[in-house]
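# Coordinate inspection notes
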Amino acid sequence: MLVLITYDVNTEDAAGRRRLRRVARACLDFGQRVQHSVFECDVDPARWAELRARLIAEADTAKDSLRFYQLGAKGRQRIEHVGAKPVLDLDGPLLF
Amino acid sequence: MRRHLNTIYVTTENAWLRKDGANVVVEVEGRERGRAPLHLLDGIICFGHAGASPALMGACAEANITLSWLSPQGRFLARAEGARSGNVLLRRTQYRAADDSARALAIVRNIIAAKAANQRTVLRRALRDHGAALAPDAQAQLQDAEQRLTNVVRRVAQAPDIDTARGIEGEAAQVYFGAFNQLIRVEDSAFVFAGRTRRPPLDRVNALLSFLYAVLGHDCRSALESVGLDPQVGFLHADRPGRSSLALDLMEELRPVLADRLALSLINRRQVAADDFTVSDGGAVLMTEDARKAVLVAWQDRKKDEIRHPFLEESVTFGLVAHLQSLLLARHLRGELDGYPAFIWK
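Residues numbered from 1 in each chain as written. Chains lettered and ligands numbered in written order. Predicted model: local features only at pLDDT ≥ 70, side-chain atom pairs only at ≥ 80, totals over all residues. Heavy atoms only, no water.

### Some remarks on the sheet that holds strand E3 (residues 38–42) of chain A
Sheet strands line up and pair through hydrogen bonds in the backbone, either parallel or antiparallel. All names here are of chain A. The sheet built from four strands is open, its strands ordered E2-E3-E1-E4 with antiparallel pairing. Because the sheet does not close on itself, it has two edges, and the strands there are strand E2 (31–35) and strand E4 (65–72). Between one strand axis and the next, the sheet turns by 25° as a mean value, whatever way the strands run. Strand direction decides the pairing type here: strand E1 (residues 2–8) and E3, joined by five bridges, are antiparallel. From the neighbouring strand, Ile-5 faces E3, where its bridge partner is Phe-39. Against the sheet, helix H2 (residues 45–58) contacts E1, E3 and E4, and its axis sits at roughly 165° relative to E4. (Pairing = 2+ DSSP bridges. Helix = DSSP H or I, 4+ residues; strand = E, 2+ residues; numbered from the N terminus. Axes fitted to C-alpha atoms, helices over the stretch in contact; angles between N-to-C directions. Contact = heavy atoms within 4.5 Å.)

In structure tokens form, the structure reads like this:
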């Protein structure tokens, strides 16, 4: 299933900047960065539970905001991209 | 049902692969070319001169991702392997079965029968789809080959020992590849098939087949490893140092369906052209880098096509067939299935 994750992490102090890095790192381990604070993660339910728990543990819920959009099994078809920063279709052929 | 996982193909010269968190990152000259999370992958194939960091090799071994290096033409060079290798009890059972000629014979018979049946299906599909457009002698040749392969399927079931079965398989290959040229429908002298040649392939069709077999071999190998079987100990192919005999066994039944059919469609749909190949002085025919990329894209797309698995009666992707057959073989070796149900494509 495809999950869209967006976040705003408060970076006023050094601890906030550390949280930002760690939240981004968690998302990157499971998915693809599509914009600065936006990730698409293709995860099965077990992996999603793991990722969600990790994100909530990394963030400071008093200061930061996390939003999870479940795009469902056919999520990829609901995405339209226009403009710069083309993203990779991780389901398609991966030739580098 | 296991998810169909993706494979990364690294075809750029001098690429460097490293691990970053739970991602694999492909770098070329210090620049990031691409990245993907490891949990979406079941294989990484490097063609040519790509290197990988030890950390990535370790992570791949841990996550059951087969990391192999092939020459640009697809010849197997090396793979990265971790500390664990499958389930020791299953492997012991596999070795015992390989040494027990009666058990091995039963598996070999099924594999060869399935291979011949699949070769026959390739011919039958051509007859059904284009039979009317063929010249009468070509049509007759295909029909004759189809008959003889039917005969092989019947005879191999009675083969008294493995050597006889191997002989029957050789005969089937001769009949099938003897008729293979009739399946090529482009009027182009560059794509005339005059028999199987390898090491090196001496014409374009053979170069394409050899390349697809190498890629299929990697997939079979990783499928076997992921269910805990030892890819080096086979039943049909004898043990030889460095040879993945069981992967070769598993490939036999899948070659006509996965590789041969794809090679034919690439040629017949003109997705590969005569100048996608270079001929070296010694007569060896090699594919150009662009052609290899086009073939790999077609291969990955083909693996996403769904079929109905004849034994499991479930809808699966072509890419999962090797994995499912490995599972069925493991189940047979464990004694949960009376025979090994080789993959027969209808």
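### Side note on the UniProt feature "binding site: Mg(2+)" (unreviewed entry) in chain A
All names here are of chain A. Sites flagged by UniProt as "binding site: Mg(2+)" (unreviewed entry) map to Asp-8. Examined against the element boundaries, Asp-8 turns out to sit in strand E1. The class for Asp-8 is exposed, based on a relative accessible area of 56%. With sequence-adjacent residues up to four places away left out, Asp-8 is seen in contact with Asp-64 and Ser-65. (UniProt positions renumbered as here; feature names shortened; annotations may be inferred. Buried < 20%, exposed > 50% of the residue type's maximum accessible area, 1.4 Å probe, protein only.)

### A closer look at the sheet that holds strand E6 (residues 51–52) of chain B
Strand order in the open sheet formed by four strands is E4-E3-E2-E6 (chain B), with mixed pairing between adjacent strands. Of all strands in the sheet, those with a lone pairing partner are strand E4 (31–37) and E6 of chain B, marking the two edges. Against the sheet, helix H1 (residues 14–30) of chain A contacts strand E2 (15–20), strand E3 (23–28) and E4 of chain B, and its axis sits at roughly 75° relative to E4(B). Contacting E2, E3 and E6 of chain B, helix H1 (residues 54–62) of chain B crosses the sheet at an angle of about 65° to E2(B).

### What to know about the side chain of B:Gln119
Residues and elements named next belong to chain B. Structurally, Gln-119 can be placed in helix H3 (residues 101–130). By relative accessible area, Gln-119 is classed as buried at 2%. Setting aside residues up to four positions removed in sequence, Gln-119 forms contacts with Leu-149, Ala-172, Ala-173, Tyr-176 and Pro-256.

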